[in-house]
Amino acid sequence: MRNATVALTALLAGSVLPLSDGPLAQDRTVKITGFGAKSGVVRVFGVNSEAAMKAAAEEINKAGGVTLGDGTKAKLTVEFLDDRCNAEEGISVVRRIASTDAFVAVGPTCSNVAESLFGILQKKAGDASDSGLQFPIIADVAAKGGLAKISEWSFRNVPSEFEMYKSLMAWVKATRPELKTLYGGVEKDFAHSNATFGVMKAQAEANGLQVAGTSEWLLNDTTFSTQVRDMKRANADIVAISAHPFTTCGVLKEMQRQGVKPKLLIGLTSSSSIETLQGCAAQAEGIIIPTSFAPVTPEAKKAAEQVAKHGGSADLHSAAAYEIMFILKDVIESQKIMAKPDTVQADRNKMREGLAALKETNGLLGKVGRTADREAIKPFLYVHAKDGNWVVLHKPSS
Amino acid sequence: MDFYLGLAQIIGVHTLLGLSAYCVLLTGQVSLAQAGFFAIGAYVAGMLTVLAGWSLVPALLISALVSGAVACAVGFPALRVKGLMLVVATTAFGEAVRLFFFNFTYQIQAGNLKLGPHGGEGFRQIRYFPENGWSTLDVVIFIWIVVALVMAALWWLDRSRAGAVLRAVGEDELAAQSSGINITAVKVSAMTIGGLIAGIGGGIFAHYTTHIEHIQFGVVLATFAIAYPILGGLSNVFGTLLAVIFIQGFLIEGLRFMGDWRNLLFGGLIVLAMNIRPRGLLDAGTTRALKRLFSSGKEPSGA
């Protein structure tokens, strides 16, 4: 019993000590901390983000690192913490990061976590009456619309799904005028899927499609027979599925089992990933998804290779994490961030101001615009699943 | 420092959640409805401060009363069943509450913003603390005053005749009934007190997380609620506090540096703790030993 107590005490002490181990400017390294889900059904997003951040840091370091405000060069290191897609843990993780010398954090994966932790940030920068946390956070994955406007300390480098589905539905109307009806499927308990389905549905109706019905399921569901039966009964021309790869594949397999063959399949942005192809490439054949990443430029191809080397997969989310590291490098240099323990709050203010001042950044598919409410306007294209790969179907901007 | 204060907030609120289940467990009942009462408290308090512009304290009082009233209403039918049937009944209630909020939308226009619960997308901008200039330390002090008051009330209750009645029902329902105790009234009272405490906890939870949605109040939270007092021991209220510190402070936050191994260790260490301390981290024997330790220096000189 005594031994167990001693062991537990030692473990507890060991777990607390690393808190004082912040990035030290003296050894000229700058630690960028990311956070997101590395557990549960969406863990792959966290794994990919971490790999992308590490890949980008390696690229930056190979090119000489980052120039700090005092003119010295520093190498970037990456740490990634798991928030388990849980709002309370997300807040705790950000408070932990903010307790160190960090001047920015990258994350989170889940929109429900972003909702909570952007809420604890100071709403309006410099508002002395608001005691919210003054710490800049830039999101790579959390994709629910309009999150960055919660606080002037929150930023996102995620694509606008509103623009993507607006464009896609208009394209469907123009190129497939014979399609008249749409049936929706939505992962109802996941904030991102649910919110994006609202966008899909509104844009379908705006383009003259009749919404014949909607089936709903939950993120952890594994059987979909009832929902697909309703889908079959509706016999719509288009089926639009707003769900992540895990339930998207479940639904697609059930559609195959019940013989549901719509003339067109549309998917959620997050499902344009390797997980969908690994889970159900045959059933996903032909599904069209708008995405802000595909290895179609030399930069994107190189990034995809680098991310793979670090054990991840490049998709629209992890590509955003990759881009963020280069954005942070540019802001560190343009704002002359010192990265020293005695300049922490000043560095955070500079980082926030630098990110807020951005009008345009370099993305893997081209220039990325920045809006006044701290969101990104990313170039996108449509991909479709073909022979077990994501193949570019159309580039709306071209 | 801010991190530790934030952790103290989490521990405080989860202690309230655990204490709400503690009351019910004293009567020998296992309730998985506590997450439902917690959710009701969260939404009611959030709506009162955000939509009605109330101060936090009256909002928490109302959220406690609403949760308590619902717990009382649920208690009558639910507590007529026992054991596994009660677990199923209270789980069903908790899920019903969660699904109610999943579908519940009530928003008002405030400038260019819409405020209020919005079904599956949740209820954002519950920013009473930062908007009123409360520092993290202020919030911690407030939470722990509430926790201390609740613990003191339960401590007093435990040592009163009412507490003895609760424990009598928990130890041997038949014997308690034979000695004239109204079993249903006792169980419903415990459920109501548990609902009141969960309502307060939920109300505070909504305000420190600033955003709530149905998914936070599922079976996992309900399981945590009963795990705290069971792991901590039912000999007194401090067992629940100790278990919350163990789970939230050590297993969740303390082991975060272990990365992917943390989740594996999480379950393993709980099983280990329950094997080492089968009657709870702070069981009756340990409590007696601690009492002896603290009272040994206070023996009257003439004794």
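Conventions we followed
- Residues numbered from 1 in each chain as written.
- Chains lettered and ligands numbered in written order.
- Predicted model: local features only at pLDDT ≥ 70, side-chain atom pairs only at ≥ 80, totals over all residues.
- Heavy atoms only, no water.
- Axes fitted to C-alpha atoms, helices over the stretch in contact; angles between N-to-C directions.
- Helix = DSSP H or I, 4+ residues; strand = E, 2+ residues; numbered from the N terminus.
- Parallel < 35°, antiparallel > 145°, perpendicular 65-115°, else oblique.
- Left-handed = near helix turned anticlockwise from the far one by under 90°.
- Contact = heavy atoms within 4.5 Å.
- Nonpolar A, V, L, I, M, F, W, Y, C, P; charged D, E, K, R; others polar.
- Expected span 1.5 Å × (residues − 1).
- Buried < 20%, exposed > 50% of the residue type's maximum accessible area, 1.4 Å probe, protein only.
- Arc of directions from axis to C-beta.
- 1 Å grid on protein atoms, 1.4 Å probe; cavity = no way out; pocket = protein on both sides within 12 Å on 5 of 7 lines; lining within 4 Å.
- Points joined across faces, edges and corners; volume = space filled by probe spheres on them.
- Domains from an automatic or database assignment.
- Phe/Tyr/Trp six-rings, centres within 6.5 Å; stacked < 30°, edge-to-face > 60°.
- Lys NZ or Arg CZ within 6 Å of the ring centre and 35° of its normal.
- Buried area = accessible area lost by both parts, 1.4 Å probe.
- Salt bridge = Lys/Arg side-chain N within 4 Å of Asp/Glu carboxyl O.
- Polar contact = N/O pair within 3.5 Å; in protein donor to acceptor, adjacent residues only side chain to side chain.
- Disulfide = S-S within 2.5 Å.
- Pairing = 2+ DSSP bridges.
- Core = buried A, V, L, I, M, F, W, Y, C linked by side-chain atoms within 4.5 Å.

J.: I'd like a rundown of the packing of helix 1 (residues 2-26) of chain B against helix 9 (residues 183-209) of chain B, residues and numbers included.
T.: All names here are of chain B. Viewed as axis vectors pointing N to C, helix 1 and helix 9 meet at an angle of 165 degrees, and their least axial separation amounts to 7 Å. As judged from the angle between their axes, helix 1 and helix 9 are roughly antiparallel. The crossing of helix 1 and helix 9 is left-handed. Residues Gln9, Ile10, Val13, His14, Leu16, Leu19, Ser20, Cys23 and Val24 of helix 1 pack against Ala190, Met191, Ile193, Gly194, Ile197, Ala198, Ile200, Gly201, Ile204, Phe205 and Tyr208 of helix 9. Residues belonging to the contact of helix 1 with helix 9 are distributed by class as follows: 15 nonpolar, five polar and no charged.

J.: With reference to specific residues and values, describe helix 5 (residues 161-175) of chain A.
T.: All names here are of chain A. In this model helix 5 runs 21 Å from its N-terminal to its C-terminal C-alpha over 15 residues, within 8% of the 21 Å that 1.5 Å per residue would give. Among the residues making up helix 5, those that are buried are Glu161, Met164, Tyr165, Leu168, Met169, Trp171 and Val172. Mapping the buried residues of helix 5 onto a view down its axis gives an arc of 160 degrees, with all of them on the same face.

J.: With reference to specific residues and values, describe the layout of surface pockets.
T.: As a volume, the largest pocket reaches approximately 1,100 Å³. In this structure, the largest pocket is lined by 40 residues; those nearest its centre are A:Arg84, A:Cys85, A:Asn86, B:Ile215 and B:Val220. Those elements giving two or more residues to the lining of the largest pocket turn out to be helix 3 (87-98), helix 4 (111-119) and helix 6 (191-206) of chain A together with helix 1, helix 4 (83-103), helix 10 (219-232) and helix 11 (237-254) of chain B. Here the residues of the lining of the largest pocket sort into 20 nonpolar, 12 polar and eight charged. Split by domain, the lining of the largest pocket shows at least three residues from each of two domains, domain 1 (18-159 + 297-377) and domain 2 (161-291) of chain A.

J.: Lay out the packing of aromatic side chains with the relevant residues and their values.
T.: Evaluated as defined, the whole model comprises 22 aromatic pairs over all chains. With a centroid separation of 5.4 Å and 40 degrees between ring planes, the pair formed by A:Tyr322 and A:Phe326 is classed as tilted. Separated by four residues within a single helix, A:Tyr322 and A:Phe326 lie in helix 11 (residues 316-334), roughly one turn from each other. Site record: aromatic cluster; members linked through ring pairs are B:Phe38, B:Tyr43, B:Phe100, B:Phe101, B:Phe104, B:Phe123, B:Phe205, B:Tyr208 and B:Phe217. One Lys or Arg, A:Arg352, reaches over the ring of A:Trp153 and ends 5.7 Å from the middle of that ring. Across the ring face of B:Trp155, the terminal group of B:Arg159 is positioned such that the distance to the ring centre comes to 3.7 Å.

J.: Would you mind going over the interface of chain A and chain B in detail, with residue names and values included?
T.: The interface is formed by 49 residues belonging to chain A together with 45 residues belonging to chain B. Of the roughly 3,900 Å² buried between chain A and chain B on both sides combined, carbon and sulfur atoms contribute 52%. The largest share of the area that chain A buries against chain B comes from A:Glu88, A:Arg95 and A:Arg96, three residues that together contribute 16% of it. Across the pair B:Asp2 and A:Arg95 runs a salt bridge whose closest N-O atoms are separated by 2.9 Å. On the surface where chain A and chain B come into contact, there are 19 residue pairs in polar contact (both at pLDDT 80 or more). Counting residues per element, the side of chain A that touches chain B draws most heavily on helix 3 of chain A, which supplies eight residues. Of the residues assigned to the side of chain A that touches chain B, the class counts are 18 nonpolar, 15 polar and 16 charged.

J.: Can you tell me about the environment of A:Glu115, naming the residues and giving the values?
T.: Within the element layout of this structure, A:Glu115 appears in helix 4. Among the residues examined, A:Glu115 registers a relative accessible area of 2% and is labelled buried. Between the C-alpha atom of A:Glu115 and that of A:Thr371, which follows or precedes it by 256 residues, the distance is 19 Å. Ignoring any residue separated from it by four or fewer positions in sequence, one finds A:Glu115 in contact with A:Lys144, A:Leu147, A:Ile150, B:Glu121, B:Arg124, B:Thr210 and B:His211.

J.: Give a detailed account of the state of the cysteines, specifying residues and quantitative values.
T.: Residues and elements named next belong to chain A. Using the criterion set out here, one finds two disulfides over all chains in the structure. Residue pairing for cysteine 85: its cysteine sulfur links by disulfide to cysteine 110, the two sulfurs lying 1.9 Å apart. One quick way to see it: the torsion about the S-S bond of cysteine 85 and cysteine 110 is about -120 degrees, and its sign makes the bridge left-handed. Linking cysteine 85 in the loop between strand 3 (73-82) and helix 3 with cysteine 110 in the loop between strand 4 (105-106) and helix 4, this pair joins segments that are 25 residues apart in sequence.

J.: Would you mind going over the sheet that holds strand 14 (residues 376-377) of chain A in detail, with residue names and values included?
T.: Residue and element names in this part refer to chain A. Here three strands make up an open sheet; going across it, the order is 12-13-14 and the pairing antiparallel. Bordering the open sheet on either side are strand 12 (360-363) and strand 14, each of which pairs with just one other strand. Relative to strand 13 (residues 366-370), strand 12 runs antiparallel, the two sharing four bridges. Bridging across to strand 13, asparagine 362 finds its partner in lysine 367.

J.: I'd like a rundown of the nonpolar core, residues and numbers included.
T.: Of all hydrophobic cores here, the largest spans 95 residues; its most connected members are B:Leu154, B:Ile204, B:Ile212, B:Phe217, B:Phe246, B:Ile247 and B:Leu251. Per-element accounting of this core gives the leading share, 13 residues, to helix 1 of chain B. By size, the runner-up hydrophobic cluster in this structure holds 65 residues, among which are A:Val228, A:Met231, A:Ala243 and A:Leu355.

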